[in-house]
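# Summary of structural features
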Amino acid sequence: MTLLLAIAAVGPAAAAVPGTPARSGADPAQATARSEARVTTAVLDLDHPADKPRVRGKDVPYDTASIIKVDILAALLLQAQDAGRGLTEQERTRAEAMIERSDNDAASALWREIGLAPGLGAVNKRLGLSSTVGGAGGTWGLTRTTVSDQIRLLRAVFTDDTTSSTSGSVLTATSRSYIRTLMTRIAAGQSWGVSAASDSGAGWALKNGWLQRSTTGLWDINSVGRVTSGTHHYLVAVLSDGNTSMTGGIAAVEHAARTAVTSARAAG
């Protein structure tokens with residue numbers, strides 16, 4: 001409970017996305033009455049990466065909020081690869097702030113650098129994402145995506161070419177390692193989400209997203225990453241919207257993540 005309260009205290013400031021104010025005077029009672037919370041999960045056993053992910057719920061588009069930051073970094077790295085260069089010191093500073101602390105100013109700067117939604121779309125086509133549509137202008141947090149696309153992105157980051165029976169990632173081993181490392185260095189208070197499905201003390205890597213919509217006062221709460229349960233490693237994507245509070249949305253996402261991984265583990 002202490003962790004969730006601490007997150008809720010910093011959530012609105014971190015959730016704000018350029019062009020999407022956190023709240024526009026929405027009445028809490030009205031928001032509750034209109035609530036239609038929904039959640040969709042997808043899990044892929046990373047030890048069997050050629051298998052299809054197990055999807056629970058409707059595999060329909062949701063707002064990304066800050067989970068898009070992983071995709072932004074993948075786009076930045078792939079564009080740098082194409083140019084035959086590494087990231088500059090400024091790009092690394094922004095990338096680390098964007099992933100580790102979910103810094104929005106850093107994300108906005110890199111969003112512009114990769115070419116906004118068109119630049120993201122071009123990279124996503126190469127990564128195999130087919131249902132992700134970038135937010136208009138500077139509203140990267142209103143990019144729309146599905147759990148299946150998030151698993152495709154995670155597979156491109158966490159599947160090693162030498163162990164995959166599918167085609168290798170277009171990201172180099174160095175690029176993949178960089179993204180993975182940042183996703184294990186998430187700031188205190190932001191390590192909730194799919195990490196709840198990891199065994200106690202087991203490693204995890206994740207990125208979360210949280211956004212209170214100005215039109216309804218309801219919350220988008222998302223979490224994507226890699227967890228360890230038993231002897232297997234799993235890629236997990238949980239997308240949700242229509243939550244009446246950030247704390248309640250986090251609880252729902254964590255429950256969904258645990259349920260999905262437990263089911264995948266039982267299935268072998």
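To keep things clear, this report deals only with the structure shown in the data block. On a predicted model such as this, the values are computed, not experimentally measured, just so you know.

Procedures and definitions
Residues numbered from 1 in each chain as written. Predicted model: local features only at pLDDT ≥ 70, side-chain atom pairs only at ≥ 80, totals over all residues. Heavy atoms only, no water. Helix = DSSP H or I, 4+ residues; strand = E, 2+ residues; numbered from the N terminus. Polar contact = N/O pair within 3.5 Å; in protein donor to acceptor, adjacent residues only side chain to side chain. Buried < 20%, exposed > 50% of the residue type's maximum accessible area, 1.4 Å probe, protein only.

This paragraph deals with the side chain of Asn-208. Locating Asn-208 in the fold gives a position in strand β5 (residues 204-212). A polar side-chain atom of Asn-208 sits 2.9 Å from the main-chain carbonyl oxygen of Trp-192. At a separation of 2.5 Å, a polar atom in the side chain of Asn-208 contacts the side chain of Ser-223.

Our focus in this paragraph is unusual backbone geometry. At Ala-65, a residue that is not glycine, the phi angle is positive and equals roughly 50°. Looking at Ala-65, the relative accessible area reads 1%, which means it is buried. Within the chain, Ser-102 stands out as a residue other than glycine whose phi angle is a positive 55°. Structurally, Ser-102 is set in the loop between α4 (89-100) and α5 (104-113). When its relative accessible area of 2% is taken as the criterion, Ser-102 is described as buried.

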